[in-house]
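Residues per chain are reported as follows:
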Amino acid sequence: MIQPLFSSTDTSGKGEALPFEKMCQCFEALTMANVNRFQKEGMMMKLWTQYGKGVHDIFPLMRLTLPHLDTERPNYKLKHKNLARKYVDLLSLPDSSDDAQKMLNWKKPSAGFTRNEQGNFPEVVYSVIKGRCTVTKGHITVGEVNALLDELAQAQNLEAKERVLMKMHTTTTAQEQRWLLRIILKDMHIGMKEDSILTMLHADAKELYNSVCDLHQTCIKCADPSYRLDQISVVRGCLLP
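Residues numbered from 1 in each chain as written. Predicted model: local features only at pLDDT ≥ 70, side-chain atom pairs only at ≥ 80, totals over all residues. Heavy atoms only, no water.

A. Geometry of the packing of helix α7 (residues 142-154) against helix α8 (residues 158-171). Where α7 contacts α8, the axes come no closer than 8 Å and their chain directions differ by 160°. Our classification of the angle between α7 and α8 gives roughly antiparallel. For the pair α7 and α8, the sense of crossing is left-handed. Contacts between α7 and α8 pair Leu148, Leu149, Glu151, Leu152 and Ala153 from the former with Lys161, Val164, Leu165, Lys167, Met168 and Thr171 from the latter. (Axes fitted to C-alpha atoms, helices over the stretch in contact; angles between N-to-C directions. Helix = DSSP H or I, 4+ residues; strand = E, 2+ residues; numbered from the N terminus. Parallel < 35°, antiparallel > 145°, perpendicular 65-115°, else oblique. Left-handed = near helix turned anticlockwise from the far one by under 90°. Contact = heavy atoms within 4.5 Å.)

B. Looking closely at the side chain of Thr141. The residue Thr141 is located in the loop between α6 (121-129) and α7 in this model. Sequence-distant contacts of Thr141, defined by excluding residues within four places in its chain, comprise Glu16, Ala17, Leu18, Pro19 and Phe20.

C. The arrangement of helix α11 (residues 205-212) in detail. Within α11 the residues assigned to the buried category are Ala205, Leu208, Tyr209 and Val212. Down the axis of α11, the buried set is contained in an arc of 100°. They therefore lie on one face. Phi turns positive one or two residues past the end of α11, at Cys213, with a value near 50°. (Buried < 20%, exposed > 50% of the residue type's maximum accessible area, 1.4 Å probe, protein only. Arc of directions from axis to C-beta.)

D. Structural context of unusual backbone geometry. Its identity is not glycine, yet Lys77 carries a phi of approximately 55°, on the positive side. Inspection of the secondary structure puts Lys77 in the loop between α3 (59-65) and α4 (80-90). Note on Lys77: relative accessible area 65%, which makes it exposed. The backbone of Cys213 sits at a positive phi, close to 50°, despite the residue not being glycine.

E. Seen up close, the packing of α4 against α8. Where α4 meets α8, the axes come as close as 10 Å, and the angle between the chain directions of the two elements is 65°. α8 is crossed by α4, and the crossing has right-handed handedness. Two secondary-structure elements touch here, α4 through Asn82, Leu83, Lys86, Tyr87, Asp89 and Leu90 and α8 through Leu158, Glu162, Leu165, Met166 and His169. Residues of the contact of α4 with α8, tallied by class, amount to six nonpolar, two polar and three charged. (Nonpolar A, V, L, I, M, F, W, Y, C, P; charged D, E, K, R; others polar.)

F. Representation of the environment of Thr31 within the structure. You can see Thr31 is positioned in the loop between α1 (20-30) and α2 (37-51). Accessibility expressed as a relative area gives 35% for Thr31, which makes it partly exposed. Residues Thr31 and Ile190 lie 159 residues apart in sequence; the distance between their C-alpha atoms is 5.3 Å. Each residue touching Thr31, except ones within four places of it in the same chain, is listed here: Trp179, His189 and Ile190.

Below is the structure:
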């Protein structure tokens, strides 16, 4: 049994206690080719309902959905090359092995890559770890994922970052790691644009975010569905009631 990364008094499974697995399942469904825009919006709304939108601060969920808009977490300073090398090391793969070469040379065409893997680093890593991952059922929560990502961002060198990546690898499923890599690389490919997601959050969320460039403040202000942008004064990137 995997021990939680931190204790929480919330056992409702909502808010930051929402299983990250549910988020990943939603994202997997969103990427299906036969899903139209209205179905995607319904899936996202269902995820928000499971999370407890309107009761719980939705920023912890939104910063994982739109990581490229999150300015509160420092840069991870990890690129595809670093991540590939760290995965080869933590899996103890010989550099000359097919799977190591597959990750290290993820950009290069290969007869062994499927169409969705070709040039897609998280998919390439997933194809290597799915048969090796010892965690088969998700246990980690949204709050724990954010704590791990904070730890990864704050790690001062590649060795410290490798320890965090090892913790991720031993506490999450292969599917969860695929989405963690997309979050770290800030390249989600969930089939929904940020403008659509912000508009779903609140009618004025897109315009508000464009004014303040602060996802957290946008989530706070847009928590009230009756709130309108004309009630907000924007001064040098700050919000005033």
